[in-house]
Amino acid sequence: MAWARHYEHSTDLHRLELQKQRDENGGGDSRVATMADSDAGDIRVVRPALTVAHRSQKYRCRDTDKRGVRVRVNGRVRTWCQCSRQRVWESMATRLPILDWLPRYSPRAALLGDFIGGATVGIMHIPQGMAYALLAGLPPITGLYMAFFPVLIYVFLGTSHHVSMGTFAVACLMMEKVVGELSTVEPGGTASPPLSNATVEMPTNDSTFPDDLTTRYTSQQVAAVLALMVGIWEVSLAVVQLGELFSMFLSDMLVSGFTTGVAFHVLTSQVKYLFGVPVPRYNGPFKLIYTYWDLFQRLASVNPAVLIMSAVSIVILVFNNEVLKPRAKKYTNLPIPIELLVVVVGTAVSYLANLEGNYGVRVIGDIPTGLPTPSTPPVELLPDVAVDAFIIGVVGYTSTFSMSKIFARRQGYSVDATQELYAQGLSNMFGSFFSCGPMAASLSRSLIQEAVGAATLLTALISCVFIVLILLFVGPAFETLPNCVLASIIVVSLKALFLQLYDLVALWAVSRLDALIWLATFAVSVVVDIDYGLMVGVGVSLVVLLARSQRPPTARLGHIPHTDLYLDVAKYDMAVEVAGVRIFQFGGALNFANAAFFRSKLLKSTGLDLAALTEARVRQLQQQDNPQPTTHPPEPEPTVDEVSSGTRGNRQEPPADHAQQEPLTKETHTAYVTVPDVQWLVVEMSGVTYVDTMGARHLRQLHKDLRDAGITLCLAAVSDRVLSSLARCETLDAITRDLIFHSTHDAITVIAHTELNLPRQSCTNL
């Protein structure tokens, strides 16, 4: 089948020149020529019409040598066992990235930016660390521990140069749930640590404590064992190379809906500090509803001094973020350390006015100096925190790695998903021995770190120096800091998360299914609880993914005259169906989930009634065995132009859906059968990326049913991967390679010559 095809009309001169070039090059090779006449600028492609069998033979297709599992494992083991000095160094640098970037470090190019970034982020760690530790139900000093000990390990193991590791609002809120459930109450009924601005909290009936806990655990012990379990999960996932999987599995709309729901939980957890209202702590489903119910009942007991401190702090922070910061950014990338200034001023006012003693304003209290003594977390709690640790680990890693990829793309370097799991896991495990909770990257600190010119992980090391100076010398100065000031910092920082509500509007305009993922995740996170919201979001994402794969897009194609284009006849008025041919396009993987949909949609779209067509063909064969006079004269032979344009003279064509009814006329005793007009069915498979066993079986059965109805099935634009799958499933024994074409236009060209019985040296001009 070496019929040449032309995609654009040309003059006879150009046609002769192209024919001469083809003859000189052995004929049949592809040529691209530009026209110099009035059609200048048009491009014409001339090549033979190809089936996959002809294509493989003509262009020398090589059979891919698929190695078995044993051969691949042996080859990988041999590669791993190769030992050389360079290979040892590369292996060490892979697991200790500091060995890669530190020898190439240029102080002249990067030291100033790293120092400014480290100092800026170190200053930000002070208010944010204490505030987020309070959010997690931990002593505020724990936030500074989390900004120091885990970060030291990440400097050696991390691959992202611009993320700021430490406290993370979402992880701290999820940690608060576990701390509230497992930290036991001290004798006398007071919770440890107290979390109210005015009065201590009392556990409610909804607060759950494990019945088998006979030992009292502090909040720091629970946070430490949670960090240990998070580290174990992350290292385990790194061992089985699942880093990229989790980063792709949690979609942007799921993460957006989840973090927006978390923002409502963070706001709710801080409202009692902003108003100075003693509200019991609830755990479990619907805790937001119970919390607001109690809050509204206790609004009469609002502490005016706390309310004034909160309002002033919020106004100052918002004024800086909305007015001062945009103007200052025009002159310098260095941010105004407004959070630190608010903390310093709030501490000074509280100390000078004795707000705790005179007005009942709750302050953060005793802050120990120095570094904590390492201690082993209570490992007996590992089974109790395993599920929550997995969720916190996945959320923390996914958010951190997403930020890492964004910064790496901007700055022109790469990050390793597996190494990031190792780095975060080992950092969390190390920090757990110093009373630290699970750590992750903060978006606000990371953006500022990049903006001020930080270039390497030396920035994190410099920030650690600032943190350790605070721990050794400055910590006790913040003992009179009101909790409501830290709560104000947290609430103002939630603006970016609340603005994600606009994501729902954008998603709704683009895809209702994507909007459904966002809405389901957000609604369940807010109404029920954040862990349920994450699980529902993952479940809805899987359902949407399955629905999309089960019902991929389909179309009935027609030919655009004088081109090689085949477009949807329902959308393009110029698309004309080729006479005697139906072209069906399937735009997704063909597997067990959508094989039945593929068949039903094909028959419905093409209008083929296989039962009626098969019955008509049987009667036709019976008539051939017993010939009788017919009432219809023979049809004239169609021409090439009629085949290409989809018309056959001026004759009236019978419906293509099925054979005409009234196969027998009793009045005249003359029997006739109308042969169905559709003789060929072309399935365009350029969008089919995979065919499984059941999909191949359905193709084979469809070929048989169409053959019984007198219709030939052809496949077009089949990828090599799909072709290999069909060969392994023995589908090519039924649908031979001569019926599988390189493109739809190849199929139509060959069908036209087959129908008209043209000589092989002819060509089709479109």
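In this text, all values refer to a predicted model and were calculated from it rather than measured experimentally. (Residues numbered from 1 in each chain as written. Predicted model: local features only at pLDDT ≥ 70, side-chain atom pairs only at ≥ 80, totals over all residues. Heavy atoms only, no water.)

**Student:** Please clarify how the pattern of salt bridges should be interpreted in this entry.
**Tutor:** This model, assessed by the stated rule, comprises 14 salt bridges. Across the salt bridge formed by K177 and D388, the nearest N and O atoms sit 3.1 Å from each other. Of this pair, K177 sits in helix α9 (residues 169–182) while D388 sits in helix α17 (residues 382–411), and the two are 211 residues apart along the sequence. Comparing K177 with D388, the two get one shared label, buried. (Salt bridge = Lys/Arg side-chain N within 4 Å of Asp/Glu carboxyl O. Helix = DSSP H or I, 4+ residues; strand = E, 2+ residues; numbered from the N terminus. Buried < 20%, exposed > 50% of the residue type's maximum accessible area, 1.4 Å probe, protein only.)

**Student:** Mind showing me how you'd approach the sheet that holds strand β13 (residues 740–741) here?
**Tutor:** Sheets are built from strands that pair by backbone hydrogen bonding, the pairs being arranged parallel or antiparallel. Taken together, the six strands give an open sheet; going across it, the order is β7-β6-β8-β11-β12-β13, and neighbouring strands pair in mixed fashion. Each edge of the sheet is formed by a strand with only one pairing partner; in this case those strands are β7 (566–568) and β13. Two elements, strand β11 (residues 680–684) and strand β12 (residues 712–716), share five bridges in a ladder whose sense is parallel. Each bridged residue has a counterpart across the sheet, and for L681 the counterpart in β12 is L713. Along the sheet face, helix α26 (residues 595–606) touches β6 (554–559), β8 (581–586) and β11 and points at about 140 degrees away from the line of β8. (Pairing = 2+ DSSP bridges. Contact = heavy atoms within 4.5 Å. Axes fitted to C-alpha atoms, helices over the stretch in contact; angles between N-to-C directions.)

**Student:** Is there a simple way to explain the side chain of N591 in this structure?
**Tutor:** Along the chain, N591 turns up in the loop between β8 and α26. By relative accessible area, N591 is classed as buried at 13%.

**Student:** I keep staring at the packing of helix α12 (residues 252–275) against helix α24 (residues 512–527) and nothing clicks. Help me out?
**Tutor:** Their axes nearest at 8 Å, the elements α12 and α24 cross at an angle of 25 degrees. Relative to α24, α12 is oriented roughly parallel. In the packing of α12 onto α24, the handedness of the crossing is right-handed. Together, M253, L254, S256, G257, F258, T260, G261, F264 and H265 of α12 and D514, I517, W518, T521, F522, S525 and V526 of α24 make up the contact between the two elements. (Parallel < 35°, antiparallel > 145°, perpendicular 65-115°, else oblique. Left-handed = near helix turned anticlockwise from the far one by under 90°.)

**Student:** Looking at this model, I keep getting lost on the pairing of β11. Mind explaining?
**Tutor:** Each regular strand displays side chains that alternate between the two surfaces of the sheet. With respect to burial, β11 is a largely interior element, five of its five residues being buried. Here β11 shows no split at all, with W680, V682 and E684 on one side and L681 and V683 on the other all buried. As paired elements, β8 and β11 share five bridges and run parallel to each other. Bridging from a neighbouring strand, I583 pairs with V682 of β11.

**Student:** Could you clarify how one ought to interpret helix α21 (residues 483–492) in this entry?
**Tutor:** An α-helical turn contains 3.6 residues, so a residue and the one three or four places further along point in the same direction. Taken across its 10 residues, α21 has 10 buried, putting it largely inside the fold. Taken together, the buried positions of α21 are occupied by N483, C484, V485, L486, A487, S488, I489, I490, V491 and V492. If you follow the buried residues of α21, they end up packed against α6 (107–135), α12, α14 (304–328), α15 (338–353) and α22 (495–498).

**Student:** Would you take a moment to explain the side chain of D114 for this structure?
**Tutor:** Relative to the assigned elements, D114 resides in helix α6. Here D114 occupies a buried position and makes no salt bridge, while the nearest side chain of opposite charge, R104, is found at 12 Å. Leave out the neighbours within four places in its chain, and D114 touches Y105, G453, A454, A455, T456, L458, T459 and I462. (Lys, Arg positive; Asp, Glu negative; His and termini not counted.)

**Student:** I would appreciate a short explanation of the packing of α9 against α12 in the present structure.
**Tutor:** Each pair of packed helices gets described by two things: the angle between the helix axes and the distance between those axes. Contact geometry for α9 and α12: axes closest at 10 Å, N-to-C directions at 60 degrees. Comparing their axes, α12 and α9 come out oblique. The two elements α9 and α12 cross, and the hand of that crossing is left-handed. In contact with V170, L173 and M174 of α9, α12 contributes F258, T259, V262, H265, V266 and S269. Here the residues of the contact of α9 with α12 sort into six nonpolar, three polar and no charged. (Nonpolar A, V, L, I, M, F, W, Y, C, P; charged D, E, K, R; others polar.)

**Student:** Mind showing me how you'd approach the packing of aromatic side chains here?
**Tutor:** With the rule as written, the count across this model stands at 12 aromatic pairs. Their ring planes at 65 degrees and their centres at 6.3 Å tell us that Y145 and F149 sit as a pair that is edge-to-face. Owing to a relative accessible area of 5%, F149 belongs among the buried residues under this scheme. Both rings, one in F430 and one in F434, keep their centres 5.3 Å apart while their planes meet at 50 degrees; by these two values the pair is tilted. Residue F434 is classed as buried on the basis of its relative accessible area of 12%. Grouped by ring-pair contacts, the aromatic residues Y145, F148, F149, F430 and F434 constitute a single cluster. (Phe/Tyr/Trp six-rings, centres within 6.5 Å; stacked < 30°, edge-to-face > 60°.)

All quantities given are derived from atomic positions and should not be read as evidence of function.
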